[in-house]
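The residues making up each chain are set out below.
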Amino acid sequence: MVGITRPKPGEHVNANGVWDLLQNKGKMTVFSLCLLLCADLLDLAVGYLTVTIEPLPPVVVGETVTLKCNFKTDGRLREIVWYRVTDGGTIKQKIFTYDAMFNTNYSHMEDYRRREDLVYQSTVRLPEVRILDNGPYECHVGIYDRATREKVVLASGNVFLTVMSPPNNISVVAENTPAPFSRYQAQNFTLVCTAKGGKPAPSVYFKRDGELIEVISYTQSSGEQGGGSAGVRGARPLISRDLDDTKLQRSLSLLDPEGRVPRLYTESPQRVHTQGQQSYEPSPATEVIPETVVSREFPRWVHSTDPLYYFSHTNIPQSDGSVVVQARLTWTLNPQLDNDALFSCEVKHPALSMPMQTEITLAAPKGPKLFMSPTRAKVGDTVRITVQGFQNEVFPEPLFTWTRVGGRLLDGSTERDGKELILERVPAELNGSMYRCTAQNPLGSTDTHTRLIVFENPSMMKNTQNQNNGASRVDMLGLTWMALVLTVTVELT
């Protein structure tokens, strides 16, 4: 057989081309000539069919997408079918069909809810796309075989639809809160910014007072997922210097036996009713004492004006295709410099025209507002002392500690944590007792005092009197019966 030059892809070989090949290449066998003639006749019988789909730019959730299938053929159209490919190409879900024989079209969407419209036979419009619509799509075109008119010749094209979703929620919290305030120990402080609902994953960064923070990135291992401070300690040890011994000794000398700074003008209740002293009923049931702010004393290690910020982030894929991003900013807290500092978390995403932002201001608690219920407590009542709020916005969440000045709480404990202190069935002995609420966060602490005034309970006094009267009546009846028995005995004798 003489070598034959192969035609280019898409180029048809006809009879004229066969004779050209014979003239150019010389002799050919009869068998080769028959093969060429059969191929040319088969091509004329089947016709040609090409399918192409225009690529799609990324779209945002809620937009309308048009899937356009372009095809060329000289045959008779049978049908056009659109498929959505899932599970890496193993499953093809039929979503739309155009039947050229009957000139009809119908949807195959689940729950019979039609979400797509036919624009022109092979063009389909998807309104309000969702994240789940992300993925590859295929267009299959079928034409009739010219030779048999019973077989269908198929060709297909594919396109990938990229659906983007901007984050729908961002928030900033302080990690490991509530936490106490320490004047003598360096503390790592971590802000956690969480961005939810983004696809692809957004980029997250922090600012302080409107300026971008220069950070040192570090990798957080799976064992450090719970807190960012461990990763920072591994990257760089905390600044450690000797404490100011003079200041430390002076501060320790001012502490009371319980380790607290004494409040001389609030330690002794002034309205305690004692025996032999004429009691009186004050107008309010509780007396609010002005707050006593603990003086802030910091050792020498809190002097750095240029803190080092450490940054890490993790991406958590969700079942709907979105990603939850958690970014952590950790540094050695300096209450003198960081109090009232404004931190913001900003999120950039290709689906957003401008970054999303949320802000928080670091602030120590100041002036807790206490509320006592009932306002006029009586002996035997259950009294609740609750923190209603502060004179300022407090961040991070404070830790509340309750103590009784000069004694233990009603249940015998020295202190109790929580936003509310409950005193069940208060006795008369608690009248005039003073209670201290200490609110503290890593930036500072503050104390507020309130005095409990307990009034007499008339209902309890009435029950006591009734019990005493009943006892006296029983005694009188007993004496009467004894007198009658003695009288009868004397007369009989």
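Just above sits the structure.
In every chain, residue numbers begin from 1 and rise along the written sequence. Totals for whole chains, interfaces and linings use all residues, but because this is a predicted model, local features are given only for residues with pLDDT of at least 70 and pairs of side-chain atoms are given and counted only at 80 or more. Water and hydrogen atoms play no part in the side-chain values, which are based on all heavy atoms of the structure.

A. Quick look at the sheet that holds strand β5 (residues 91–99). Strand order in this open sheet of 5 strands is β6-β5-β4-β9-β10, and the pairing throughout is antiparallel. With partners counted over all chains shown, the strands left at the sheet margins are β6 (104–107) and β10 (152–161), one partner each. Strand-to-strand, the axes of this sheet are offset by a mean angle of 25°, without reference to chain direction. Two strands make a pair as long as DSSP finds a minimum of two bridges between them. Working definition: helices are DSSP H or I runs of at least four residues, strands are E runs of at least two. Numbering for both runs from the N terminus. Relative to β6, β5 runs antiparallel, the two being bridged by 4 bridges. Paired with Tyr 98 across the two strands is Asn 105, which belongs to β6. In this analysis, axes come from line fits to C-alpha atoms, helices being fitted only over the stretch in contact, and the angle between any two N-to-C directions falls in the range 0 to 180 degrees.

B. Fine view of the nonpolar core. With 27 residues, the main nonpolar core has Leu 191, Val 204, Phe 206, Trp 331, Phe 343 and Leu 362 as its most contacted residues. Breaking this core down by element, the ones donating at least two residues are β12 (169–174), β13 (188–198), β14 (203–208), β18 (309–317), β19 (323–332) and β20 (342–348). By residue number, the principal contributor to this core is β19, which donates 5 residues. Residues in contact with Trp 331, not counting those within four places in the same chain, are Gln 187, Asn 188, Phe 189, Leu 191, Pro 307, Leu 308, Tyr 309, Asp 338, Phe 343 and Leu 362. Definition used in this section: a nonpolar core is a set of buried Ala, Val, Leu, Ile, Met, Phe, Trp, Tyr and Cys residues joined via side-chain atoms within 4.5 Å. To sort residues, take the accessible area from a 1.4 Å probe on protein chains only and compare it with the maximum for the residue type: under 20% means buried, over 50% means exposed, and anything in between is partly exposed. Core analysis: the second largest hydrophobic core is formed by 24 residues, Leu 49, Ile 95, Tyr 98 and Leu 161 among them. Contacts were defined at the residue level, with two residues in contact if any of their heavy atoms lie within 4.5 Å.

C. Representation of unusual backbone geometry in the model. Along the chain, Thr 177 connects to Pro 178 via a cis peptide bond; the corresponding omega equals 0°. Tracing the backbone through its elements, the reader meets Pro 178 in the loop between β12 and β13. Here Lys 199 and Pro 200 are connected by a cis peptide whose omega angle stands at -5°. One non-glycine residue with positive phi stands out, namely Asn 103, at about 55°. With respect to the helices and strands, Asn 103 occurs in the loop between β5 and β6. The class for Asn 103 is exposed, based on a relative accessible area of 56%. Within the chain, Asp 340 stands out as a residue other than glycine whose phi angle is a positive 70°.

D. Summary view of the environment of Thr 386. The residue Thr 386 is located in strand β24 (residues 383–389) in this model. Residue Thr 386 is classed as buried on the basis of its relative accessible area of 19%. Residues Thr 386 and Lys 369, spaced 17 residues apart in sequence, show a C-alpha to C-alpha distance of 8.4 Å. Ignoring anything within four residues of it in the chain, the contact list for Thr 386 reads Lys 369, Leu 370, Phe 371, Lys 419 and Glu 420. Residues adjacent in sequence count toward polar contacts only when both atoms are side-chain atoms; beyond that, a polar contact is any pair of N or O atoms within 3.5 Å, and within protein one must be able to donate a hydrogen and the other to accept it. A polar contact of 3.1 Å, which involves the side chain of Thr 386, links it to the side chain of Glu 420.

E. Molecular detail of the environment of Asn 168. Mapping Asn 168 onto the fold places it in the loop between β11 (163–164) and β12. In this structure, the C-alpha to C-alpha distance between Asn 168 and Gly 197, residues 29 residues apart in sequence, is 5.4 Å. Residues within four places of Asn 168 in sequence aside, it is in contact with Lys 196 and Gly 197.

F. Quick look at the state of the cysteines. Two cysteine sulfurs form a disulfide in these notes if their separation is within 2.5 Å. Within the structure shown, the criterion is met by 2 disulfides. At a sulfur-sulfur separation of 1.9 Å, the disulfide partner of Cys 193 is Cys 345. Here the disulfide of Cys 193 and Cys 345 is left-handed, its torsion about the S-S bond being about -75°. Here Cys 193, found in strand β13, pairs with Cys 345, found in strand β20; they are 152 residues apart in sequence, far enough to count as distant. Exposure class is identical for Cys 193 and Cys 345. Each is buried.

G. Broad picture of the sheet that holds strand β16 (residues 215–217). Taken in spatial order, the 5 strands of this open sheet run β12-β13-β19-β18-β16, and their pairing is mixed. Pairing within the sheet leaves two strands with one partner each, and these edge strands are β12 and β16. On average, each strand axis in the sheet is inclined to that of its neighbour by 25°, with strand direction left out of account. Here β18 pairs with β19 via 8 bridges, running antiparallel.

H. Spatial organisation of the pattern of salt bridges. By convention in these notes, a salt bridge is any Lys or Arg side-chain nitrogen within 4 Å of a carboxyl oxygen on Asp or Glu. Following the criterion strictly, the structure yields 9 salt bridges and no others. Across the salt bridge formed by Arg 416 and Asp 411, the nearest N and O atoms sit 2.0 Å from each other. Take Asp 411: its relative accessible area is 48%, and that puts it in the partly exposed class. One network of salt bridges, in which partners are shared, links Arg 208, Asp 209 and Asp 338.

I. Structural context of the packing of aromatic side chains. Between rings of Phe, Tyr and Trp, where Trp is taken as its six-membered ring, a pair exists when centres lie within 6.5 Å; planes separated by under 30 degrees are stacked, by over 60 edge-to-face, and by other angles tilted. Under the criterion given, the structure shown has 6 aromatic pairs. Ring geometry for Phe 189 and Trp 331: centres 5.4 Å apart, planes at 80°, overall edge-to-face. Of the two residues, Phe 189 sits in strand β13 while Trp 331 sits in strand β19, which places them 142 residues apart along the sequence. The buried category is assigned to Trp 331, whose relative accessible area is 0%. Plain terms: the ring middles of Phe 390 and Phe 400 are 5.9 Å apart, the flat faces sit at 20° to each other, and that makes the pair stacked. With a gap of 10 residues between them, Phe 390 in the loop between β24 and β25 (399–404) and Phe 400 in strand β25 connect regions that are remote in the sequence. Like Phe 390, the residue Phe 400 is buried in the burial classification.

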